[in-house]
Amino acid sequence: MSKEILAAIDVGTTKICCVVGAVVHDSLGQLGLRILGSSVTPSRGIRRGVVMDVPEVTTAIGQVLEGAEKAAGLRITSAYVGIAGSHITTTNSAGISPIDSRHGVTGADMQRALEAAQAVSLPASREVIHVIARRWKVDEHTDIQQPLGMSGHRLEVDAHIVSGTTSAINNLAQCVLEHGIDIDELVLEPLASGEAVLTPEERYMGVAMADWGGGTTDLAFFRGNGLWHTEVLDVGGNHLTNDVALGLRAPFEVAEEMKLRYGHLQPERVAEDEEVWATVFGDRPERTFSRRFISQILEARAEEICEIIQERITSSGYGQMVPAGLVLTGGSSQIPGAVELSRRLLGMPVRVGRPGEHTPIQQLSRELQSPAFATSVGLLLWGLHEDARAIHFPMQKTLREESPMLVRLGGWLRSLLPG
Ligand SMILES: Nc1ncnc2c1ncn2[C@@H]1O[C@H](COP(=O)(O)OP(=O)(O)OP(=O)(O)O)[C@@H](O)[C@H]1O
Ligand SMILES: [Mg+2]
């Protein structure tokens, strides 16, 4: 691990967060993380996980950088940055490389196979963000997690390619680079969240993770210690708030407060006669509403989101491959009844995943233990485990030519090896 200080920037739809951590080594030489400081500000200029207003987002990122630097007592020079949004698409692709039969499979053979897999035909407007090895094949031997050193003639990789639109990637990068901060890596948000909330057993057995945020719900499937599939759904907690706003005819801020204070996804658990006050539009600013009615509105939308998750689990073909069930995280997973509703609709084990619960992190504040910070904390863990996983790839030429700013990204795209 070359870096001793790691920083993460999560540019979410509702909040922008920067966390700084120090790499620590325990007496057994195991790597760990100690949080040094963090800072959060409400988002501006982000819609559904995507930068819509570069100056606004740049200013907000400047605020959290300053806040985190002050809290940590140091200057941030580079950061891992989360990326999400519906511009992200994923595809699976195979790559092949010959093996020099005198040496067995080498890192260079694996890199060649991954490069070949990466050569999918993408439209000029898209860029590869990650190339992730799902499994390897050496001659007739299939389902190999780690082929290094195996003898044979032909190495084949089944890789998961994550790409995004060049403009969305560049806009996000620009908002960070503007502050003189280098980007260690752009990391797909569900990959980062998975680092923070999943146990090694879940990852090994097969698990689905849903980061239910404000503007998006990020899905990821892990199995055999590797990432199997990812998707970014264009729906999140803001949709629940919008529904309440429409149902009560109240401003969004009022509906958000109602959701946070009184929301429940099991209306039958709310007393039938419980009434709450809300400020609505029109000439009767204060009105009472049945809390159960508000919960019914929330339940209807949450059921719809769960049905989309169910549909994606089925259509991706991984339904039978997630015996560990679903781990829900993200700010919206905190709404009471979320686990029960998901369990009922998906018919699988469901739990809420919180940073620090399964991976001990020193000085992790109560605030950062919330599921809303799964991505932020996960980005630091992603950086911590980088050496165990990464092979570096020269950044695509087109990206350099189109965006000189991005040359400062460090000049690398990363590919991942399992375990
Ligand atoms: N206790 C709670 N009950 C219900 N919803 C909650 C609660 N706490 C937070 N939320 C919701 O969580 C959402 C924000 O989650 P999060 O902070 O994970 O989103 P984000 O990272 O900013 O956005 P995204 O990842 O979608 O771009 C908001 O919609 C908010 O209303
Ligand atoms: Mg988020």
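Below, the structure is looked at part by part. It should be emphasised that the depicted structure is a prediction, and the values quoted were computed from it without experimental measurement.

With that settled, the discussion passes to the overall build of the chain. A tally of helices and strands in the chain yields 12 helices and 20 strands. At 22 Å, the chain has a C-alpha radius of gyration in line with the 22 Å of a compact globule built from 419 residues. Referenced to the eigenvectors of the C-alpha coordinate spread, the extents of the chain come out at roughly 80 × 50 × 45 Å. Expressed as a percentage of the 419 residues in the chain, the buried residues total 57%. Carbon and sulfur atoms form 50% of the exposed surface of the chain, whose accessible area is close to 17,800 Å².

So, on to the environment of G62. Topologically, G62 is positioned in helix α1 (residues 54–72). Of the residues examined, G62 reaches a relative accessible area of 16% and is grouped as buried.

Running from N to C, helix α6 (residues 237–248) and helix α8 (residues 291–315) cross one another at 140 degrees; their axes reach a closest spacing of 9 Å. Put simply, α6 runs oblique to α8. Here α6 and α8 pass one another in a crossing that is right-handed. Seen from α6, the contacting residues are H239, L240, D243, V244, G247 and L248; seen from α8, they are F293, I294, I297, L298, R301 and I305. The residue makeup of the contact of α6 with α8, split by class, is 8 nonpolar, 2 polar and 2 charged.

Once that is clear, we can look at the site of ligand 1. Around ligand 1, 19 residues are found, and the nearest of them are T13, T14, G215, E256 and K259. In this structure, an oxygen atom belonging to ligand 1 sits 2.5 Å away from a side-chain N or O atom of E256. At 2.8 Å, a backbone N or O of G331 approaches an oxygen atom of ligand 1. Coverage of ligand 1 by the protein chains reaches 88% of its 650 Å² of free accessible surface. Structurally, ligand 1 is housed in the second largest pocket. Those elements that place two or more of their residues in the shell around ligand 1 are α6 and α7 (252–262). With 3 residues, α7 is the single largest residue contributor to the shell around ligand 1. A breakdown of the residues in the shell around ligand 1 according to their chemical character gives 3 nonpolar, 13 polar and 3 charged.

Let's shift gears to the environment of P336. With respect to the secondary-structure elements, P336 resides in the loop between β17 (326–329) and α9 (338–346). Overall, P336 belongs to the partly exposed group, its relative accessible area being 40%. Sequence separation between P336 and L260 is 76 residues, and the spatial gap between their C-alpha atoms is 9.7 Å. Excluding its chain neighbours within four sequence positions, the residues that come into contact with P336 are G263, H264 and L265.

Here we come to the sheet that holds strand β11 (residues 182–188). Taken in spatial order, the 5 strands line up as β3-β2-β1-β6-β11 in an open sheet, and their pairing is mixed. The outermost strands of the open sheet, each flanked by one partner alone, are β3 (31–42) and β11. The sheet shows a mean angle of 25 degrees between the axes of neighbouring strands, taken without regard to direction. With 7 bridges connecting them, strand β1 (residues 5–11) and strand β2 (residues 15–25) associate as antiparallel partners. Residue A8 lies in a different strand from β2, and its bridge partner there is V19. Packed onto the sheet, α1 meets β1, β2 and β3 and runs at close to 135 degrees relative to β3. Lying over the sheet, helix α4 (residues 189–197) contacts β1, β6 (78–83) and β11, oriented at roughly 85 degrees with respect to β11.

Definitions and cut-offs
- Residues numbered from 1 in each chain as written.
- Chains lettered and ligands numbered in written order.
- Predicted model: local features only at pLDDT ≥ 70, side-chain atom pairs only at ≥ 80, totals over all residues.
- Heavy atoms only, no water.
- Helix = DSSP H or I, 4+ residues; strand = E, 2+ residues; numbered from the N terminus.
- Rg over C-alpha atoms; globule rule 2.2 N^0.38 Å.
- Buried < 20%, exposed > 50% of the residue type's maximum accessible area, 1.4 Å probe, protein only.
- Areas by Shrake-Rupley, 256 points an atom, 1.4 Å probe, with all protein chains shown as cover.
- Axes fitted to C-alpha atoms, helices over the stretch in contact; angles between N-to-C directions.
- Parallel < 35°, antiparallel > 145°, perpendicular 65-115°, else oblique.
- Left-handed = near helix turned anticlockwise from the far one by under 90°.
- Contact = heavy atoms within 4.5 Å.
- Nonpolar A, V, L, I, M, F, W, Y, C, P; charged D, E, K, R; others polar.
- Near = heavy atom within 4 Å.
- Polar contact = N/O pair within 3.5 Å; in protein donor to acceptor, adjacent residues only side chain to side chain.
- 1 Å grid on protein atoms, 1.4 Å probe; cavity = no way out; pocket = protein on both sides within 12 Å on 5 of 7 lines; lining within 4 Å.
- Sits in = over half its atoms within 2 Å of the grid points.
- Pairing = 2+ DSSP bridges.

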